[in-house]
Amino acid sequence: MSVNRWKLFAMPVALLGLASPLLVNCGGKGIPGADNLPGPAGDLASAAGGCEELKNGGIANLKFEGGADVEGKIKGFLEAAASLDKLTADMEASLIASCGKLGKDLGMSDADLKAEPGGGKGAEKVCNAVSAKVNAAVKANAEAKIAVQIDPPKCYADINAMSECLGTCGPAFEPGKLEASCEGGEISGKCDAECKGKCSVEAGAACSGTCQASCTGKCDAGFKGTCGGKCDGKCDGKDSKGAACAGSCEGKCDAKAEGTCTGTCDGSCSGSCELKAGAKCTGSCSGGCSAQIKEPKCSGEIQPPQVDVTCRAQCAAKTASSATCDPPNVRIVANGKVNADAQKLVAALRTSLPAIAKVQLGTGKKLAAAVSGVGKAGAEVKDAALKAGGKAVACVAAAVDASASATASIDVNIKASASVSGSASGAASGGT
């Protein structure tokens, strides 16, 4: 039986439908009474029925042979693959919206910006069109000398979600071992007591600290951008001692600042804003808290205890939806002749480019890693599927195929995002 089932697993599902006139006539939609057919015949019939449950949310209702452990492993794998497939589609929809917002701000028509998510092709269509528009706008405003710098964002894994998942299929994190489990990063989270390290508030929130992205408000040092108040430093390259500046200001700006700030930004920051640690941190605290950190997250890679490789891959996939990435720190400065068109371009890029570049440098890469882990786990789950019957074989094969399709889609999304980032910075491509 095991040999026959292995042959069944290795055979593409499309070919299974050709194995019998009965299966062909049923169109791969399932065969009444298939479960009652004996041995390999029943396996073949069940596999030919496909796995619609992977798409319609019916995984929990599936029943497999082989006992609770086998069924749990297979269902966990299927749930992980299904969740990543949805996250991939959601990421593409979000990227279409972000590229569309940038295109709209630059005067593009709704027809040029309309697309439906599907294998990354929707994002590719819209973002590539916007990339061409941005590239043309940058060239048309060459005298403005627009410079774009993008720092990769920090991404975080939800430790509580990972620990809860591991508890269902392996040992969870040991108390006090969180720091060691977060490899290549640091633990951060809510601190209800004294934050002894750094306190970061999310992008767009009120900022009175260091902003490595674009500051809106006022900046006391290292400012480059437009200033609606008094500029102390240089205005269009000439010394300015606190006078109004209609062009590009470098130094300090006391009001209506729109630009980069390496000093203290008093207003809002398009990226993360770092405050000095103190008794109260309303954002995310890293580097130590006098009490236990709540909702801990890891900015590196979580290395759980020794658990089954399938369990680890499934938990990485299941917790991908709770993982987050900060918007990347995007600095956009115009240092030359800044006319109204150049100001419009810079303002549009400051608004939309962080979300677009986040796919290229953050969420896309993280999601690709999770999908890759599920794909590799498919080889491990295969053995369990062979013990669980034809339906299990069909569903595992469908999940492996879905993971491959998700990988291809993510790659297209990353390239679409990079095309816009590259055009904004005047490069041929955004790179990774």
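Heads up: the structure comes first, above all this text.
These numbers come from a predicted model, not from an experiment.

**Focus on the sheet that holds strand β8 (residues 238-244)**
Consideration 1: With respect to topology, 11 strands assemble into an open sheet ordered β8-β7-β9-β6-β10-β5-β11-β4-β12-β2-β14, the strand pairing being antiparallel. Where the open sheet ends on each side, the last strands, each with one partner, are β8 and β14 (324-325).
Consideration 2: By the bridge criterion, 2 bridges tie strand β6 (residues 206-227) to strand β10 (residues 273-276) in an arrangement that is antiparallel. Bridge pairing in β10 links Cys211 to Cys273.

**Focus: the state of the cysteines**
Consideration 1: Enumeration according to the criterion identifies 15 disulfides in this entry.
Consideration 2: One disulfide in the model links Cys155 with Cys325; its S-S distance is 1.9 Å. Looking along the S-S bond of the Cys155-Cys325 disulfide, the torsion reads about 105°, which is the right-handed sense. Linking Cys155 in strand β2 (residues 155-158) with Cys325 in strand β14, this pair joins segments that are 170 residues apart in sequence.
Consideration 3: The class for Cys325 is buried, based on a relative accessible area of 13%.
Consideration 4: Covalent S-S linkage joins Cys227 and Cys253, the inter-sulfur distance amounting to 2.1 Å. Given an S-S torsion of about 90°, the disulfide between Cys227 and Cys253 has right-handed geometry. Placement of Cys227 in strand β6 and of Cys253 in strand β9 (residues 248-269) is noted, with a sequence separation of 26 residues between them. Across this residue pair, the class does not change: Cys227 and Cys253 are buried.

**Digging into the packing of aromatic side chains**
Consideration 1: Overall, the coordinates contain 0 aromatic pairs when judged by the stated rule.
Consideration 2: Seen from the ring of Tyr156, Lys297 lies directly overhead, with NZ or CZ sitting 4.4 Å from the centre.

**A short note on the pattern of salt bridges**
Consideration 1: Summed over all chains, the structure comprises 15 salt bridges.
Consideration 2: Its salt-bridge partner being Arg331, residue Asp151 comes within 2.7 Å of it at the nearest N-O pair. With Asp151 in strand β1 (residues 146-151) and Arg331 in strand β15 (residues 329-334), this residue pair connects regions lying 180 residues apart in the sequence.
Consideration 3: Owing to a relative accessible area of 26%, Asp151 belongs among the partly exposed residues under this scheme.

**Some thoughts on the pairing of strand β7 (residues 230-235)**
Consideration 1: Two strands pair when backbone bridges link them, and β7 and β8 are joined in this way by 6 bridges, in the antiparallel orientation. Note that in β8 the partner of Cys231 across the bridge is Ala243.
Consideration 2: Here β7 folds back onto β8, and the loop between the two strands holds 2 residues, one of which, Asp236, carries a positive phi near 50°.
Consideration 3: Pairing of β7 with β9 involves 5 bridges; the strand directions are antiparallel.

**Looking at helix α10 (residues 309-318)**
Consideration 1: For α10, the set of buried residues is Thr310, Cys311, Ala313, Gln314, Cys315 and Ala317.
Consideration 2: Buried positions along α10 lie against α6 (68-105), α8 (159-169) and α11 (340-388).

**Some details on the nonpolar core**
Consideration 1: The biggest cluster of nonpolar side chains holds 67 residues, and the ones touching the most others in it are Ile74, Leu78 and Leu102.
Consideration 2: The set of elements that each furnish at least two residues to this core consists of α6, α7 (121-140), β1, α10, β15, α11 and α12 (390-424).
Consideration 3: Per element, the largest residue contribution to this core is 17 residues, and it comes from α11.
Consideration 4: In contact with Leu78, other than residues within four places in its own chain, are Leu54, Ile59, Leu62, Phe64, Cys395, Val396 and Ala399.

Parameters and conventions
- Residues numbered from 1 in each chain as written.
- Predicted model: local features only at pLDDT ≥ 70, side-chain atom pairs only at ≥ 80, totals over all residues.
- Heavy atoms only, no water.
- Pairing = 2+ DSSP bridges.
- Helix = DSSP H or I, 4+ residues; strand = E, 2+ residues; numbered from the N terminus.
- Disulfide = S-S within 2.5 Å.
- Buried < 20%, exposed > 50% of the residue type's maximum accessible area, 1.4 Å probe, protein only.
- Phe/Tyr/Trp six-rings, centres within 6.5 Å; stacked < 30°, edge-to-face > 60°.
- Lys NZ or Arg CZ within 6 Å of the ring centre and 35° of its normal.
- Salt bridge = Lys/Arg side-chain N within 4 Å of Asp/Glu carboxyl O.
- Contact = heavy atoms within 4.5 Å.
- Core = buried A, V, L, I, M, F, W, Y, C linked by side-chain atoms within 4.5 Å.

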